[in-house]
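# Commentary on secondary and tertiary structure
The lines below spell out each chain.
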Amino acid sequence: VTLADVLRASGYATGGFTGNAGVSGGFGYDRGFDAYYAPPATFGGLDESVPRALEWVRANRDRPFFLFLHGYDVHGQYAPAGGLDYRFVDKDYDGRYRGSEHEQELLREEGLDRGALTLRDADVRFWRAVYDEKVQRADERFGHFLAEFAKLGLNDRTVFVVTSDHGTELYEHRRFDHGFTLYDELIRVPLVVAAPGGAGTAVTARVSSIDVMPTLLDLLGVEPPERAAKQMRGRSLVPAMRGEAAARDVFTETDYRAYTYKRCVVAPDGWKLVYTLESRTRELYDTAADAGETRDLSRAEKGRADELERRLFAHFAGLGHDLRAREWRTGLNPVYASQGK
C-alpha cells in the first residue's frame, strides 16, 4: 500500500511527475496515482517533470492533492539539455575528462572491477565541479517550480518535503556513483519538511527515509488503513519537529546489482557498523570523530562491534529476515543497457 494509495482513498488528487528509471511504473511507483509521468529517456530531469507538474497542479488547485515531483538532474547518467557549461571547473584543467555519461559509467565500472580508482587530484576536482553544476542547475529548476507554485496562492495550505533517495560517491573512498557502499556520502541525504506555521526547528538526530510517509500522514491528519499501518516501519517525525527527542538506531542496506550485500546500523552516538554479508566481514567507524570514515575500528573496538552487530541482526530478524539463514552469492544484475551483453 503506497502513500498515494492512502491519500487517494482519503479524497486527494494524486499526481506523479518523474525522471523514469528507478521510479518507473514498472517498479510499482505509479500505484495509487491518478496521473503518472515518466519520460521516454531513462534518466529524465526536472526540465521535463516541472512543467507537467505545474500544469497538473493548476488543474487540481481547488481540491486536496498529493504531488510527487522527481528528477535525475544530479545523476551520473543524466546530461543537461545543451550540455555542461563547466561553470565550476578549474580554468586551467587540461580536459582529460569532459563529464559525459559514458565517462562516468566507465569510472563506475572500473571502481567496481578493481575495488578502487586512481585519479589525479585535478580529475577529482573536475568531477566534483561537474556535480556542483548539476546541483545548481537542479536548484534553479526547482526554484522555478516554487516560484510558479507560490503564484497559485497555495503555500499556506501545502506541506513540502524535499529529500533524496541517496547521495553519490565522488572519490571519497576511491569510487564513483552509488549503491556499492553504505558510507555517509551515500546515506546522508537532505530532508526538509516545510509545513504551514512551522517554527523552523533543526532536528540533529538521525532519522530514516521510511519516516517520511508516517510523518506526512500525521501532519495531514490521515489515519492509514490497517494494512498500510502494518507495512510502515518508520515513525512520525512530528514529535521531533516539536523538539522532542528522536535519537534511535537507524538502519540502511544495499544489495547493489548483486555485486554486494551490505547492512548497516548507526547508533545515536555516531558509532556505525557496516556488515558485508557475502564475506561475513564488518567495518566499524566513530563518525563523530572520523566523519570521513577513514579508520576502521572493528578490531580495536571488538566489543562495541559485537554489540552493534547483535542489534543489526536482531533488527532484521524482527522484520522476518534472518541474515544468517542463507548464502549470499554475488553476481551481475545488469541494470544498465550496456551490461550483460
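The coordinates are above.
Note that the structure is a prediction, hence the values are computed from the model and not measured.

How each quantity is defined
- Residues numbered from 1 in each chain as written.
- Predicted model: local features only at pLDDT ≥ 70, side-chain atom pairs only at ≥ 80, totals over all residues.
- Heavy atoms only, no water.
- Helix = DSSP H or I, 4+ residues; strand = E, 2+ residues; numbered from the N terminus.
- Contact = heavy atoms within 4.5 Å.
- Pairing = 2+ DSSP bridges.
- Axes fitted to C-alpha atoms, helices over the stretch in contact; angles between N-to-C directions.
- Buried < 20%, exposed > 50% of the residue type's maximum accessible area, 1.4 Å probe, protein only.
- Polar contact = N/O pair within 3.5 Å; in protein donor to acceptor, adjacent residues only side chain to side chain.

## A few points about the environment of Arg-248
By the secondary structure assignment, Arg-248 is in the loop between helix 8 (238-241) and strand 8 (250-254). Distance in space between the C-alpha atoms of Arg-248 and Val-207 is 7.9 Å, their sequence separation being 41 residues. Residues in contact with Arg-248, not counting those within four places in the same chain, are Arg-206, Val-207, Ser-208, Asp-211, Arg-235, Val-266 and Pro-268.

## Details of the sheet that holds strand 3 (residues 65-69)
One open sheet accounts for three strands, arranged 2-1-3; its pairing is parallel. For this open sheet the edge positions go to strand 2 (35-37) and strand 3, each flanked by a neighbour on one side alone. Going across the sheet, the axis of each strand differs from the next one's by a mean of 5°, ignoring polarity. Across the sheet, helix 2 (residues 46-60) lies against strand 1 (13-17), strand 2 and strand 3, angled at about 175° from strand 3, the strand it touches most.

## Digging into the side chain of Thr-14
Topologically, Thr-14 is positioned in strand 1. Residue Thr-14 is classed as buried on the basis of its relative accessible area, which comes to 0%. There is a polar contact of 2.8 Å between the side chain of Thr-14 and the backbone oxygen of Gly-32.

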